[in-house]
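# Architecture and fold: a report
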Amino acid sequence: MNTLVTCKELTKTYGKKTALNHVSLEIESGHIIGLLGPNGSGKTTFIKLLNGLLTPTSGELYVKKLPVGIESKKIISYLPDQTYLNMNNTVQDVLDYFGAFYADFEKDRAYQMLESLKISPKDKLKSMSKGTKEKVQLILVMSRRAELYVLDEPIAGVDPAARDYILQTILTNYDPEASILISTHLISDIENILDQVIFIKEGEICLQASVDDIRMQHQKSIDALFREVFKC
Amino acid sequence: MEGTKNIKHSENEWHLTSDRPVFIQIMEKLKLDIVTGIYQPGDKLPSVRDLAGEAAVNPNTMQRAFSELEREGLVYTQRTNGRFITEDITMIDQLKEQMALDAISQFLKSMEQLGFSDEETMKLIKEALKEETA
């Protein structure tokens, strides 16, 4: 078990607004971790910092003891909350692009997953429904042999049946030594695949714990605890 | 998914809920499969990963359930071959009896909550059994 991510007193402000407030935490290898919080709690800000799309206002952030940069991008496979792919491309084009871009991309696995979800590699992205686009992007991200997968709202737009397949895909396709950080507010759908959760509230971490410990201690589901902690 | 074909349950048999620790529910399910003979003594268990995929749970959770079953002696590991169900039939019989007693005490508790005395409960059981055999 080694530490993949360390952050100390990590803070990000946008003008007067504080999005992350002195966050300190560690992410170890070999876990599926839910990053849970209501809208605007700082989930995406944290994820963007982790992927070098934002720079911290203050504090420290290391991925395997190195600052965020080229090396960290090699080992983190990131699914953003918004797409950055060119919609005029076909799935095949995008696979080639990923293959050229990432040394750890396994095209065969991507084709396999596309086939089981009945997505034709020849289709253009812009001809696809929102959910299908999301599936393609998740396939791209999960086909890398990364050490950390960071999935920002991976299942929001897909139907429940595909959601099950996607969760299954996540479970059977990641290396047990790797970790997956999933941000979502669809907790009840994914809570059985998580083994840890991080609750984030108004830019601060209010809980990081093992999922079964929480159930044992509170006698309730993560979903129920979430509703209690974040009651409006 | 490949590699999950020879698993003996179907997906919907797991019925996991989220308000109790999942590894405990998995243990209960596997114990039931052992005493009902879905897994025979000495049978090989599927891999952690395959079973985790099938039950849609975290592999660490499945691992924890396996480790607990191993600690209780119902499952043993052969270093390179994987995990197997115990061949100790006495132990499986004891487990079966324990599970039966647990089911009975739970039933008795519900009957008590409904306000039935032991005698009344007994009478109702007898009647129900008679109806079933008729």
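Residues numbered from 1 in each chain as written. Chains lettered and ligands numbered in written order. Predicted model: local features only at pLDDT ≥ 70, side-chain atom pairs only at ≥ 80, totals over all residues. Heavy atoms only, no water.

Time to look at the sheet that holds strand E2 (residues 17–28) of chain A. All names here are of chain A. On the basis of which strands lie adjacent, the open sheet formed by four strands has the order E2-E1-E4-E5 and antiparallel pairing. Across the chains shown, the open sheet's two edge strands, defined by having one partner strand only, are E2 and strand E5 (66–67). One ladder, built from two bridges, connects strand E4 (residues 58–63) with E5; its direction is antiparallel. Within the sheet, the bridge partner assigned to Tyr 62 lies in E5 and is Pro 67. (Pairing = 2+ DSSP bridges. Helix = DSSP H or I, 4+ residues; strand = E, 2+ residues; numbered from the N terminus.)

A common way to state how big an interface is: give the accessible area lost once the parts meet. All names here are of chain B. With domains assigned, chain B is organised as domain 1 (22–85) and domain 2 (89–133). The C-alpha centroid of domain 2 is placed 28 Å from the C-alpha centroid of domain 1. Residue-level contacts link eight residues of domain 1 with six residues of domain 2. Summing the contributions of domain 1 and of domain 2, the shared interface buries around 650 Å²; its carbon and sulfur component is 88%. Contact with domain 2 buries surface across domain 1, with Val 35, Pro 41 and Leu 74 losing the most and accounting together for 61% of the total. Here domain 1 and domain 2 share zero salt bridges between them. Its residues assigned to classes, the side of domain 1 that touches domain 2 comprises five nonpolar, one polar and two charged. (Domains from an automatic or database assignment. Contact = heavy atoms within 4.5 Å. Buried area = accessible area lost by both parts, 1.4 Å probe. Salt bridge = Lys/Arg side-chain N within 4 Å of Asp/Glu carboxyl O. Nonpolar A, V, L, I, M, F, W, Y, C, P; charged D, E, K, R; others polar.)

To continue, consider the environment of B:Ile34. Residues and elements named next belong to chain B. The topology assignment puts Ile 34 in helix H1 (residues 22–35). Taking the C-alpha atoms as reference, Ile 34 lies 8.7 Å from Leu 74; in sequence the two are 40 residues apart. Look past the residues within four positions of Ile 34 in its chain and what remains in contact with it is Tyr 39, Leu 74, Ile 85 and Ile 92.

With that settled, consider the packing of H1(B) against helix H4 (residues 89–113) of chain B. Residue and element names in this part refer to chain B. H4 packs onto H1 with a crossing angle of 120° between their chain directions and a minimal axis gap of 10 Å. With respect to the hand of their crossing, H1 and H4 are arranged in left-handed fashion. Residues Lys 31, Leu 32, Ile 34 and Val 35 of H1 lie in contact with H4, whose contacting residues are Ile 92, Leu 95, Lys 96 and Met 99. Its residues placed into classes, the contact of H1 with H4 shows six nonpolar, no polar and two charged. (Axes fitted to C-alpha atoms, helices over the stretch in contact; angles between N-to-C directions. Left-handed = near helix turned anticlockwise from the far one by under 90°.)

Residue and element names in this part refer to chain A. A full pass over the atoms with the stated rule returns 17 salt bridges over all chains. Salt-bridge contacts for Glu 106 lead to Arg 145; the nearest nitrogen and oxygen are separated by 3.6 Å. Of the two residues, Glu 106 is situated in the loop between helix H3 (91–101) and helix H4 (107–116) and Arg 145 in the loop between helix H5 (130–142) and strand E7 (148–152); the sequence distance between them amounts to 39 residues. On the basis of relative accessible area, Arg 145 is assigned to the partly exposed category, the value being 37%. One salt bridge in this structure joins Lys 220 and Glu 228, with 2.5 Å as the shortest N-O distance. On the basis of relative accessibility, which here comes to 24%, the residue Lys 220 falls in the partly exposed class. The partly exposed category is assigned to Glu 228, whose relative accessible area is 47%. Here the residues in one salt-bridge network are Glu 106, Arg 109 and Arg 145, joined through shared partners. (Buried < 20%, exposed > 50% of the residue type's maximum accessible area, 1.4 Å probe, protein only.)

Right, let's get into the interface of chain A and chain B. The partner chain B presents 23 residues to the 25 residues of chain A that form the contact. Connecting chain A to chain B are zero salt bridges. For the side of chain A that touches chain B, the secondary structure elements donating two or more residues are helix H6 (160–173) and helix H8 (211–218) of chain A. Top contributing element to the side of chain A that touches chain B by residue count: H6(A), with five residues.

All right, on to the packing of aromatic side chains then. Residues and elements named next belong to chain A. Within this structure, the stated rule accounts for eight aromatic pairs over all chains. Seen in terms of ring centroids, Phe 199 and Phe 226 are 5.7 Å apart; in terms of plane orientation they differ by 85°. Their pairing is edge-to-face. With a gap of 27 residues between them, Phe 199 in strand E9 (residues 196–201) and Phe 226 in helix H9 (residues 222–229) connect regions that are remote in the sequence. Comparing Phe 199 with Phe 226, the two get one shared label, buried. Judged by centre distance (4.4 Å) and plane angle (45°), the ring pair of Phe 226 and Phe 230 falls under tilted. (Phe/Tyr/Trp six-rings, centres within 6.5 Å; stacked < 30°, edge-to-face > 60°.)

The next point concerns a nonpolar patch on the surface. Residues B:Leu101, B:Ile104, B:Phe107 and B:Leu108 make up a contiguous nonpolar surface patch of about 350 Å² in total accessible area. With respect to the helices and strands, the residue B:Ile104 is situated in helix H4. (Patch = residues over 30% accessible without salt bridge, like charges linked within 9 Å, V, L, I, M, F, W, Y side chains within 5 Å. Areas by Shrake-Rupley, 256 points an atom, 1.4 Å probe, with all protein chains shown as cover.)

Topologically, B:Arg20 is positioned in the segment before H1. Overall, B:Arg20 belongs to the partly exposed group, its relative accessible area being 36%. Not counting chain neighbours up to four residues away, the residues in contact with B:Arg20 comprise A:Arg215, B:Gln25 and B:Glu28. At a separation of 3.0 Å, a polar atom in the side chain of B:Arg20 contacts the side chain of B:Glu28. (Polar contact = N/O pair within 3.5 Å; in protein donor to acceptor, adjacent residues only side chain to side chain.)

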